[in-house]
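Residue-level listing of the chains:
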Amino acid sequence: MTTLWDTTGADIVKALAEQRRIGGAVFSGMALTLVVIADEGKVVEAEQAAAAAAAQHPCRILVVVRRQIDAPIPRLDAEVLVGGRLGPGEAVVMRMYGRLGLHAESVVVPLLAADVPVVSWWHGAPPQRLATDALAVTADRRITDCSLAADPLAALRERADDYAPGDTDLVWTRSTPWRAVLTSTLDAVAARRADPFRLIGGRIEGDPAHPTAALLAGWLSARCGCAIEVVGFARIAGSTGVGAVSLDIGSGEQVRVQADHRGRAVISQPCRPDSTVALPARSLGELLREELRRLDPDEPYGQSLEAATGRTGLSDRSPVRQYIWVDPAGDSNDDRGGRAASRRPSTPGLGDVPGLDEAGSMVAKSKDADPLHRGGGMNGRAKVSSSRESARGPRIVRLLPGDSGYHDCARLQPVG
């Protein structure tokens, strides 16, 4: 492991190459790049989960920790590992101070593995709009966890409002064992009956405020075409918020699956004795590992999210997001900022370049405060002066030809 204090992105690349040379490792079979966004208090848990996922899915792990955004001097500290505690592959843990944390992509993008998908995972309360985080805009797959929000059900509705194909959430992944047991049970009932049957109703007994229970009810409602509600359960519902599922299959018959809180579930069905199947609690690493198995849009999640929140048309949305710059130091309700964001690009391909429109222009919110870095994408140092927003409104600047990268703002020229 190499520890770098007050470093740059270029130094991180050099340290990676040096670690490979010392260890004699040639790690060219990476399946993806996993970008982990975590708070300092959750870094250890996130690292353990990422290492468990990397054991099955070889990847380059980039951990981003945004610390002390209000620090007066931007700084980047990093740990570079090859075959260390974060699995057999390459990993970089980056702690960003000051306004550098608002532009983590300027350090992360040059470190992405070439020609492989990018997955971003937020281990913490997800942003209200993923488009305000460039690490989401540059990712092919985005993983959030509504259970970590202050109001999980409200966060689930936010995910529906902000949904784009390629989004998923770990509260949905936690429902996989329940969905597998219910599907196999209903298949067994259908195989024994001569006539086809359909569900006419049912209920989920558990925690009505748990997002996994809400998504499971949405999945059953979307698949079966009948309303499934979540009702309270006398026993502790566990990490999924689900204690039992009862489904009416007509003719006065019912199928019931109830967890026994010992890693098992008891299945009760007509004309058969009760049976027991495994229903184990899964670790965070196992959840993340499941989400990395497929990187195409999770259509069942989108359908379940529609049914659980009442939103419609989620699968018809564009999978490409346009980056929206939001300065937490400014007024988020500023109407001028909203108009500036509305000028974000509509031309395909430019959405991957934060803040550029069709003409290659960039919107800055003040004359003196430059929201991007100086010094190129590989530098990682943010030289930004903080000042009040100009009363004259947003100022449009253009990157001159020959600039070293879209984060190189050393040469800016006013437009018009």
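Owing to the predicted nature of the structure, the values given are computational and were not obtained by experimental measurement.

## Looking at helix α10 (residues 299–309)
Of the residues making up α10, those classed as buried are Tyr301, Gly302, Ser304, Leu305 and Thr309. Angularly, the buried residues of α10 cover 165 degrees about the axis, an arc narrow enough to put them on a single face. The secondary structure elements touched by the buried residues of α10 are α5 (152–161), β8 (167–169), α6 (170–173) and α8 (211–224).

## A few points about the packing of aromatic side chains
Aromatic ring pairs are described here by two measures, namely the spacing of the ring centres and the angle between the planes. Considering all chains together, one arrives at two aromatic pairs under this definition. When the centroid spacing of 6.1 Å and the interplanar angle of 55 degrees are considered together, the rings of Tyr163 and Tyr301 count as tilted. Taken together, the residues span a long stretch of sequence, with Tyr163 in the loop between α5 and β8 and Tyr301 in helix α10 at a distance of 138 residues. Of the two residues, Tyr163 and Tyr301, neither departs from the other in class, the shared state being buried. When the ring of Trp172 is compared with that of Tyr301, the centres are 6.1 Å apart and the planes differ by 50 degrees; the resulting orientation is tilted. Of this pair, Trp172 sits in helix α6 while Tyr301 sits in helix α10, placing them 129 residues apart in sequence. Assigned by exposure class, Trp172 and Tyr301 land together as buried. Ring-pair connections join several aromatic residues into one group, and the members of that group are Tyr163, Trp172 and Tyr301. Just above the ring of Tyr97 sits the side chain of Arg75; from NZ or CZ to the centre is 4.4 Å. Here the guanidinium or amino end of Arg179 rests over the ring plane of Trp172, the centre of that ring lying 3.8 Å away.

## Some points on the confidence of the model for the protein
For the protein, the average pLDDT comes to 77, and 77% of its residues sit at 70 or higher. Segment residues 331–416: pLDDT under 50, and 153 contacts once partners within four positions in sequence are set aside and those in other chains are kept.

Calculation rules
- Residues numbered from 1 in each chain as written.
- Predicted model: local features only at pLDDT ≥ 70, side-chain atom pairs only at ≥ 80, totals over all residues.
- Heavy atoms only, no water.
- Buried < 20%, exposed > 50% of the residue type's maximum accessible area, 1.4 Å probe, protein only.
- Helix = DSSP H or I, 4+ residues; strand = E, 2+ residues; numbered from the N terminus.
- Arc of directions from axis to C-beta.
- Contact = heavy atoms within 4.5 Å.
- Phe/Tyr/Trp six-rings, centres within 6.5 Å; stacked < 30°, edge-to-face > 60°.
- Lys NZ or Arg CZ within 6 Å of the ring centre and 35° of its normal.
- pLDDT = per-residue confidence, 0-100.

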